[in-house]
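Observations on chain architecture
What follows is the residue order along each chain.
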2 protein chains.
Amino acid sequence: MPAHNSKFCREHFDRFFLRQVERAIAAFHMLEPGAPVLVAVSGGKDSLAVADVLDRLGYQVVGLHIDLGIDTGDFSAASREASVRHFARLGRPLHIVSLREEFGRAVPEVVRRYSRPCAVCGLTKRHLLNEFAWRHGFPAVATGHHLDDLSSTLLANVLRWDVKYLRKMVPALPAGDGMAAKIKPLAFLTADEIRTYVRFRGIEPVQGNCPYSPEAKFKRYARLLDEIEEDSPGTKRAFYGNFLRVAHLFTATAPPADEPGEGADVAPAPAGADGRPADAYVPPELPLRHCRVCGSPTPSEVCAFCRIWRPERVPA
Amino acid sequence: MPAHNSKFCREHFDRFFLRQVERAIAAFHMLEPGAPVLVAVSGGKDSLAVADVLDRLGYQVVGLHIDLGIDTGDFSAASREASVRHFARLGRPLHIVSLREEFGRAVPEVVRRYSRPCAVCGLTKRHLLNEFAWRHGFPAVATGHHLDDLSSTLLANVLRWDVKYLRKMVPALPAGDGMAAKIKPLAFLTADEIRTYVRFRGIEPVQGNCPYSPEAKFKRYARLLDEIEEDSPGTKRAFYGNFLRVAHLFTATAPPADEPGEGADVAPAPAGADGRPADAYVPPELPLRHCRVCGSPTPSEVCAFCRIWRPERVPA
């Protein structure tokens, strides 16, 4: 592990991994000891790893898996299966929300109308996780975001200097009006380190990627950072870690909201910048109201989630 | 010019170029109309272009060329020649400071002792420019830094989030205690645009690069940004331009000072990070004093310039 200038045997790698998570939790006041935590479980390596390590550290892990109904290559079925298998092994409860059962349609039917499928999917997952956490009184929602995710998202946001997105790049966002706290316990571990952890622990994540391939631009930032990291090990850690030392400069009062773009991790491209129309983009400083359909916080009358998934209940 | 979504004929390119400089000067209050300005003249395309355009816009251009005494490939002789030739054509005064004549030694003899020759050279040029401007009462020192320089330096600094360097990335730094104002009138023009301007104007800059090749890391950031720019034209402009909208967040009171690292454009690597010892690095918050040898502002007793170039006058 060149970024740490260390080599570990299996046992010490495990200790290192757990300690990194413990430190992140303590440093950013993510959870009280033994607290319940709702883990966002996609079935991929990151979400299974964060559930695993939080369980081992004594937190009361409850999983929420959202079945997106993506049938290409049985992607959603395999993801669900991997999630169920791991939670059975942990002996912890896993809740499943199936979009098709709940809303009569799923991601393939819905994303056709949008230019950025990942934005729709992200918005959907954030909404359902937040709603579940809020209704059941979880102190926080944990996601498997890791250092590679965070540093490439940070690079994307820094290239635009959008303060509204920069200020949300911290590994723990406090609860706000209708919003559960969001925590990223793997924030200081790399994708490679998680891959190693998963292998050592015999965890079996879903194989393969979502057929709605991730946005190319995003992958490119990750690749650029990989190049720099290879030449200068520790760059990602320094980039994200030093950002956290100055993140307070970007802090203002507006809480994250629930619109594509708002609440998302990356600032949406301005209209036309990619030669594509931007998805519905709501200016940053609107005061939050409550969705007339579901009651969740939103800058508009009806939240983006309900406009997508409950169009029949949206007042004309 | 994909970043501007435009094509120009020769005449309109010229207007575009001049207007970009006029706008930068006005927006950042760089110079009063017709003011004298000291231009840092290396003999490369950027410095000859900035001298040329400032002259055409009616400023009283005076050049200062520093002969670094680099004889590999006659680099310094050719640079001096290109500078003299262009200023003769402009009919404007060019002052020349020869390190070898002035200090009895030049860059090749001095940089051998340092791991980062570019840092020594940058420090030397900044010191001499500042001293000359200050002594002769120039309201500002203009350099040929362009958008590619500034965006890659910004990327280097943002990867470290060093607020002290970020706050100096604005295109105009005001005069301070013993420090002349520094302006970058080409801040919003790319290297390619300057190349085109120079060709259209029949300017003949020095060919070839300094034999003490520029630091590899720095070039890499420029290359990475070039890649992103190619996919998303306008990225560099947006990156630097949007930074300027938030740069006030990084602003504090400490003026730039005269140490390798201090006063430089890029934060020095922390000791050992590159497997090399960092050059003498002075922590950021030291109060400025005046050099006991030359009187220029410095955080130490004797400034770095005098320690390098006037070692015989440094008290033991």
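As the structure is a computational prediction, the values presented were derived from the model and not from experiment. (Residues numbered from 1 in each chain as written. Chains lettered and ligands numbered in written order. Predicted model: local features only at pLDDT ≥ 70, side-chain atom pairs only at ≥ 80, totals over all residues. Heavy atoms only, no water.)

Quick notes on the overall build of chain A
The number of helices and strands found in chain A is 12 helices and eight strands. Put simply, chain A has 316 residues, and 54% of those count as buried. Contacts in chain A between residues at least 24 apart in sequence constitute 74% of all its contacts with a sequence separation of at least 6. Accessible surface computed for chain A: about 14,100 Å², of which carbon and sulfur atoms make up 53%. (Helix = DSSP H or I, 4+ residues; strand = E, 2+ residues; numbered from the N terminus. Buried < 20%, exposed > 50% of the residue type's maximum accessible area, 1.4 Å probe, protein only. Contact = heavy atoms within 4.5 Å. Areas by Shrake-Rupley, 256 points an atom, 1.4 Å probe, with all protein chains shown as cover.)

Brief notes about the nonpolar core
Ranked by size, the top nonpolar core spans 121 residues in total, and within it Trp-161 of chain A together with Trp-161 of chain B carry the most contacts. Ignoring sequence-local partners within four residues, the contact set of Trp-161 of chain B consists of Leu-154, Val-158, Trp-161, Phe-239, Asn-242, Phe-243, Val-246 and Phe-250 of chain A together with Leu-166 and Phe-250 of chain B. (Core = buried A, V, L, I, M, F, W, Y, C linked by side-chain atoms within 4.5 Å.)

A look at unusual backbone geometry
Even without a glycine there, the phi angle at His-29 of chain A is positive, about 45 degrees. Structurally, His-29 of chain A can be placed in the loop between helix 1 (10-27) and strand 1 (36-40).

A word on the relation of the copies chain A and chain B
Superposition of chain A onto chain B requires a rotation of 180 degrees combined with a translation of 0.0 Å along the rotation axis, giving an RMSD of 0.0 Å. The symmetry that links the two subunits is that of a two-fold axis. (Least-squares fit on C-alpha atoms with pLDDT ≥ 70 in both.)

Re the side chain of Ser-151 of chain A
All names here are of chain A. Within the fold, Ser-151 resides in helix 7 (residues 147-158). Residue classification places Ser-151 among the buried residues on the basis of a relative accessible area of 0%. Within polar-contact distance, the side chain of Ser-151 engages the backbone oxygen of Leu-147 at 2.7 Å. When near neighbours in sequence (up to four residues on either side) are disregarded, Ser-151 contacts Leu-225, Lys-236 and Phe-239. (Polar contact = N/O pair within 3.5 Å; in protein donor to acceptor, adjacent residues only side chain to side chain.)

Quick look at the packing of aromatic side chains
Residue and element names in this part refer to chain A. Following the criterion strictly, the structure yields 34 aromatic pairs over all chains and no others. Both rings, one in Phe-103 and one in Phe-305, keep their centres 5.5 Å apart while their planes meet at 75 degrees; by these two values the pair is edge-to-face. Note that Phe-103 is positioned in helix 4 (residues 99-103) and Phe-305 in helix 12 (residues 304-309), a separation of 202 residues in sequence. For the pair formed by Phe-103 and Phe-305, the shared burial category is buried. Between Phe-188 and Tyr-240, the ring centres sit 5.8 Å apart and the planes meet at 40 degrees, which makes this aromatic pair tilted. Linking Phe-188 in the loop between strand 6 (181-183) and helix 9 (191-200) with Tyr-240 in helix 11 (residues 235-246), this pair joins segments that are 52 residues apart in sequence. Residue classification places Phe-188 among the buried positions, given a relative accessible area of 15%. Under the relative-accessibility criterion, Tyr-240 is labelled buried at 0%. In this arrangement the basic side chain of Arg-220 is found over the ring face of Tyr-221, its NZ or CZ atom lying 5.4 Å from the centre. (Phe/Tyr/Trp six-rings, centres within 6.5 Å; stacked < 30°, edge-to-face > 60°. Lys NZ or Arg CZ within 6 Å of the ring centre and 35° of its normal.)

Brief notes about the interface of chain A and chain B
Every contact between the two is made by 25 residues of chain A and, on the other side, 25 residues of chain B. Around 2,200 Å² of area is buried between chain A and chain B when both sides are counted, 70% of it from carbon and sulfur atoms. Along the contact surface separating chain A from chain B lie two salt bridges. The residue Arg-220 of chain B makes a salt bridge to Asp-231 of chain A at a minimum N-O spacing of 2.4 Å. Applying the counting criterion to the chain A and chain B interface returns six residue pairs in polar contact (both at pLDDT 80 or more). Listed by contribution, the elements that provide at least two residues to the side of chain A that touches chain B are helix 7, helix 10 (216-231) and helix 11 of chain A. Classifying every residue of the side of chain A that touches chain B by side-chain character gives 16 nonpolar, three polar and six charged. (Buried area = accessible area lost by both parts, 1.4 Å probe. Salt bridge = Lys/Arg side-chain N within 4 Å of Asp/Glu carboxyl O. Nonpolar A, V, L, I, M, F, W, Y, C, P; charged D, E, K, R; others polar.)

Remarks on the pattern of salt bridges
All names here are of chain A. What the rule picks out here adds up to 30 salt bridges over all chains. For Glu-312, the salt bridge identified is with Arg-105, shortest N-O distance 3.6 Å. Taken together, the residues span a long stretch of sequence, with Glu-312 in the segment after helix 12 and Arg-105 in the loop between helix 4 and helix 5 (107-111) at a distance of 207 residues. Put simply, Lys-236 and Asp-148 hold a salt bridge, and the shortest N to O gap is 2.7 Å. Linking Lys-236 in helix 11 with Asp-148 in helix 7, this pair joins segments that are 88 residues apart in sequence. Assessed through its relative accessible area of 6%, Lys-236 is described here as buried. The network of salt bridges with common partners includes Glu-81, Arg-85 and Glu-204.

Points about the environment of Leu-159 of chain A
Looking at where Leu-159 of chain A falls in the secondary structure, it is placed in the loop between helix 7 and helix 8 (163-166). For Leu-159 of chain A, a relative accessible area of 4% gives the class buried. If we skip the residues at most four places from it in the chain, Leu-159 of chain A touches Tyr-221 of chain A together with Leu-225, Ile-228, Thr-235, Ala-238 and Phe-239 of chain B.

Quick look at the confidence of the model for chain A
Interpreting fine coordinate detail is not advised for predicted regions of low pLDDT. All names here are of chain A. The pLDDT averaged across chain A works out to 87; a share of 87% of its residues lies at or above 70. Overall, residues 253-263 carries pLDDT values under 50, and its contacts beyond four positions in sequence, including any with other chains, amount to 42 contacts. Between residues 269-284, whose pLDDT stays under 50, and residues either more than four places distant or in other chains, the model counts 27 contacts. For this predicted complex, the interface confidence reaches an ipTM of 0.78, while the overall pTM sits at 0.82. (pLDDT = per-residue confidence, 0-100.)

Remarks on helix 3 (residues 75-90) of chain A
Since the α-helix packs 3.6 residues into each turn, any two residues three or four apart lie on the same face. Residues and elements named next belong to chain A. With 16 residues, helix 3 should reach 22 Å at 1.5 Å per residue; the first-to-last C-alpha distance of 23 Å fits that figure. Turning to helix 3, its buried residues number three or more, namely Phe-75, Ser-76, Ser-79, Ala-82, Ser-83, His-86, Phe-87 and Leu-90. Taken around the axis of helix 3, the buried residues stretch over an arc of 130 degrees, which confines them to a single face. For helix 3, the exposed residues set more than 90 degrees away from the buried face come down to Glu-81 and Ala-88. Considering only its buried residues, helix 3 is in contact with helix 2 (45-56), strand 2 (60-67) and strand 3 (94-98). Within two residues after helix 3, Gly-91 carries a phi angle of roughly 70 degrees, on the positive side. (Expected span 1.5 Å × (residues − 1). Arc of directions from axis to C-beta.)

A look at a negative patch on the surface
The grouping of Glu-227 and Glu-230 of chain A together with Glu-227 and Glu-230 of chain B at the surface amounts to a negative patch. At the level of secondary structure, the elements contributing two or more residues to the negative patch comprise helix 10 of chain A together with helix 10 (216-231) of chain B. On the secondary structure map, Glu-230 of chain B appears in helix 10. Residue Glu-230 of chain B is classed as exposed on the basis of its relative accessible area, which comes to 66%. (Patch = residues over 30% accessible without salt bridge, like charges linked within 9 Å, V, L, I, M, F, W, Y side chains within 5 Å. Lys, Arg positive; Asp, Glu negative; His and termini not counted. Charge placed at Lys NZ, Arg CZ, Asp CG, Glu CD.)

Structural notes on the packing of helix 1 of chain A against helix 2 of chain A
All names here are of chain A. Interaxial distance between helix 1 and helix 2 falls to 11 Å at its minimum, and their mutual angle equals 85 degrees. Here helix 1 is positioned roughly perpendicular relative to helix 2, judged by the angle of their axes. Touching Asp-14, Phe-17, Leu-18, Val-21 and Ile-25 of helix 1 are Val-53, Leu-54 and Arg-56, all from helix 2. (Axes fitted to C-alpha atoms, helices over the stretch in contact; angles between N-to-C directions. Parallel < 35°, antiparallel > 145°, perpendicular 65-115°, else oblique.)

A short note on the sheet that holds strand 4 (residues 140-142) of chain A
Sheet strands line up and pair through hydrogen bonds in the backbone, either parallel or antiparallel. Residues and elements named next belong to chain A. Overall, mixed pairing links the six strands, which are arranged 3-2-1-4-6-5 in an open sheet. The two strands at the open ends of the sheet, each matched to only one other strand, are strand 3 and strand 5 (172-173). One ladder, built from two bridges, connects strand 5 with strand 6; its direction is antiparallel. Paired with Ala-172 across the bridge in strand 6 is Ile-183. Docked against the sheet, helix 3 engages strand 2 and strand 3, running at close to 165 degrees with respect to strand 2. (Pairing = 2+ DSSP bridges.)

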